Structure formats: structure tokens, C-alpha cells
Amino acid sequence: MGAGKDWLTDRRSIELHNFCVSYTKCTKGCGHGDQKRRVYCVDSATRKEQNDTKCDVNTKPKEQKDCYNRQHCNKTGWYTDPLWGPCSVTCGQGFETRAVVCYGSQSSNIDDRKILEDGLCDPTTKPETTKSCTKPICPPQWVIGNWTN
């Protein structure tokens, strides 16, 4: 009788599974945010909620995910400094940098423009902030070795 009851318990646990409701709206109206949902364990026969320990925790779906909302971001954009900084070296290969900032307004008033968090601008359109530069070939230099006895 005990073996049959164990089989029934095992069989019953197979019939339980996780169930999710839809994700909430993105927490940010513009830029990077997250979405959440409630994930809970239900009995597949009765569709009644069960204690989470009755479902396999390894198959539990995620309760949160990242989101990027551009719906209200049309008042923002990247401001790019037109001037590149000096080359990082005086000879050979180096790099130059420039300022690129997210700039705009989060309200309907265009006069509220200011520097914003980068996450409020579309990261796929951000201009480059560094580029390579080449200076003349470096001249030969003296190398000093150790003294000999």
C-alpha cells in the first residue's frame, strides 16, 4: 500500500506546473527599464494555486526581464562634440576621443532640454566616442642595458 501511495504522490507532482500572467508595462516610459510578472505553481487538473515547493524550481520561468521603451523618447538624441581631442601619442598608433551625451527633454516643453542619462537615448544610434589616429613613425631610441663586470 505504501508503494502505491508514493507512486500516486510522484504522479501528482508531475501534474503540477508553473503558470505565468502577462508582464507589466515597462517601468520606464522612455529608455531602459524592467517588466515584472507573477509566476506561481498551479495544479493542472484543478487549476488551483499551490505552494511553490510543489513545482520544480529549476523550470520556474523568470519573473522579471529588461525592456527598452522608445515610445516617448522622440524628444531626446545624441549631442556629439564636433571636435576630437588630441591623439593619445606623439608618434605611432594612438586614439582620439570626443564627448557624446544624451541630450533632450523628458517633458513636452522643448525649453526643458538638458543632458540626460545615456539610457534615455537609443543606444543603437550612439556615435563613436573614440577613433584611431596615426602620428609619424617613432624614431629609434636608446635602450640601456645592465652593466657588465
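Just so it is clear, the model here is predicted, and its values are computed rather than measured.

What counts and how
Residues numbered from 1 in each chain as written. Predicted model: local features only at pLDDT ≥ 70, side-chain atom pairs only at ≥ 80, totals over all residues. Heavy atoms only, no water. Helix = DSSP H or I, 4+ residues; strand = E, 2+ residues; numbered from the N terminus. Buried < 20%, exposed > 50% of the residue type's maximum accessible area, 1.4 Å probe, protein only. Contact = heavy atoms within 4.5 Å. pLDDT = per-residue confidence, 0-100. Polar contact = N/O pair within 3.5 Å; in protein donor to acceptor, adjacent residues only side chain to side chain.

## Let's talk about the overall build of the chain
The secondary structure content of the chain amounts to 1 helix and 10 strands. Walking the chain from its N terminus toward its C terminus, one meets helices and strands in the order α-β-β-β-β-β-β-β-β-β-β. Buried positions account for 21% of the 149 residues belonging to the chain. Contacts in the chain between residues at least 24 apart in sequence constitute 60% of all its contacts with a sequence separation of at least 6.

## Quick word on the confidence of the model for the chain
The predicted structure's coordinates, where accompanied by low pLDDT, should not be read in detail. Of the residues in the chain, 77% reach a pLDDT of 70 or more, and the chain-wide mean stands at 80. A low-confidence stretch, residues 1-14 stays under pLDDT 50, and its non-local contacts, those more than four residues away or across chains, total 2 contacts.

## Digging into the side chain of Asp-43
Tracing the chain through its elements places Asp-43 in strand E3 (residues 39-43). Reaching out from Asp-43, the side chain makes a polar contact with the backbone nitrogen of Ala-45 at a distance of 2.7 Å.

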